[in-house]
Amino acid sequence: MSYSKSVYFIPAWFDDFEDFTEKLSKEKLLWERVDSQQYSPRYLLNYAVRIAQNESLFQLFNLVNASSLNIYMYEEELDLKNIPQIEQVRMACFSTGVGFLEFWINYDGMTPEEISDFAYLFKKATKMCGKNTENNICTLYDVAKSILPENLNANLFFTSTAPFKYECSCFHFIHIDESPEDNKQNQDRLYRLSRSYNTNFSFSFESDYDMVYKSSESDQWGGSSEGLVNITYDSKNDESDYYLHHLKLSHLCIDYYFLYLLLLNQRFASIQYINDIACVFGKSQAAITHLNSRIVKLKTVFSFNVISDDKVFQNVYSRMYSILEIEHLLADIVDNEEQMQIVQNARSAKTEQLSNKFLFGISILSLFSALIDASNYFDRINALRPLATILGFLCVCATITLCVVWLIKSQK
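Residues numbered from 1 in each chain as written. Predicted model: local features only at pLDDT ≥ 70, side-chain atom pairs only at ≥ 80, totals over all residues. Heavy atoms only, no water.

A.B. asks: How would you summarise the pairing of strand E5 (residues 98–106) if you had to cite specific residues and measurements?
C.D. replies: Of all nine residues that make up E5, eight are buried, and the element is covered over most of its length. Strand direction decides the pairing type here: strand E1 (residues 4–13) and E5, joined by nine bridges, are antiparallel. Its bridge partner being in E5, Ala12 is matched across the sheet by Gly99. Strand direction decides the pairing type here: strand E4 (residues 85–94) and E5, joined by eight bridges, are antiparallel. The residue bridging Gln85 from the neighbouring strand is Asn106, located in E5. What sits between the antiparallel neighbours E4 and E5 is a turn of three residues, in which Gly97 has the positive phi angle 100 degrees. (Buried < 20%, exposed > 50% of the residue type's maximum accessible area, 1.4 Å probe, protein only. Helix = DSSP H or I, 4+ residues; strand = E, 2+ residues; numbered from the N terminus. Pairing = 2+ DSSP bridges.)

This is the structure we're talking about:
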């Protein structure tokens, strides 16, 4: 069984996970929630699987009638004999506040080179298409906005600074019957697809942000900061080919898919939290405490260096973890947290000083009250009764003098 598919991920920031998923669940004519058992990984470690199975951490939704979406597939530009088909559209939601709108595309009968040329155009969400009629929505971004109800307040491509940077992260998985005789052609395919470059794009493969990993001669991976690709070839080995034809696609659609989704969640959540920390000045203490709790949750629940006991899964995860700079992003969060703690300490010290002043004022008033009451005792002594008022006044003056001296010395 040959297969060629891609998942195009549009990052979305919705902030409030519970509110977002609850509202999306109510849009039953548009979206339906997927049972976690349908996409639960089997080759990842338990703490990663637990995220997929815990509805308070992760939820997945399918778009109803996704195949009816009227998205332009660049037939004119590419002159394709076989038109890519929209297989499904999903909304993956993490409790970090990050989600991914996913467009699953099926390429029946297309070559890797045709897929590269198509992906280069399709991943650019704001790119205008060549066919502009009343029945066609011109950009992927417009389509994405139209299928998310306005009351959801989802901010798409929230880490991008300009519309021309609205580009999807891509996961391509392709099975080809025969491997190329030229190894360079194979490497070129992996590189182009990992970055979704077209066949006219000149490139150099020497980069710290690109990787090629061969789990076997018939099963090869390419990765970059822009995407992940797996290409498999028939090996003429019965056991290996059985795995490639009957089991590998399921692993790609469930285990490897969720592995890559976890990586993207760590990256995009980290970027958003770094931005939130930078905007912490002027925020209330409650807002800072809430941000701190989110950061702790990201680092303790969603971030880890080991994903699987299986060498292929772990190799892909570790290499993409490095390429996506997740470790450095988390380190930046820690550094910024320390600076945020300095701000919090300064605020606490200021609040403490203010509290001390209030307490001091209350103490003075209490002392005056006690001295006034004490002057009544002078009236009970016959010898001091004529001087009771003067003695009470002198005690008050002495107390005021001592307080002033104490304040002056404390200021010094």
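A.B. asks: Report on the environment of His246, specifying residues and quantitative values.
C.D. replies: Within the element layout of this structure, His246 appears in helix H7 (residues 238–246). The spatial distance from the C-alpha of His246 to the C-alpha of Ser2 is 9.9 Å, given a sequence separation of 244 residues.

A.B. asks: So what's going on with the pattern of salt bridges? Which residues, and what values?
C.D. replies: Evaluated as defined, the whole model comprises 14 salt bridges. Of the charged contacts, one joins Asp255 and Arg42 as a salt bridge, the two residues approaching to 3.8 Å between their closest N and O atoms. With Asp255 in helix H8 (residues 248–278) and Arg42 in the loop between strand E2 (31–33) and helix H2 (46–53), this pair connects stretches of sequence that are 213 residues apart. In this structure, Asp210 engages Arg195 in a salt bridge whose closest nitrogen and oxygen atoms are separated by 2.8 Å. Highlighted residues: Asp210 in strand E8 (residues 210–216) and Arg195 in helix H6 (residues 183–195), separated in sequence by 15 residues. Judged on exposure class, the residue Asp210 and its partner Arg195 are both buried. When salt bridges that share partners are traced, they join Lys123, Lys124, Glu167, Arg195, Asp210 and Glu226 into one network. (Salt bridge = Lys/Arg side-chain N within 4 Å of Asp/Glu carboxyl O.)

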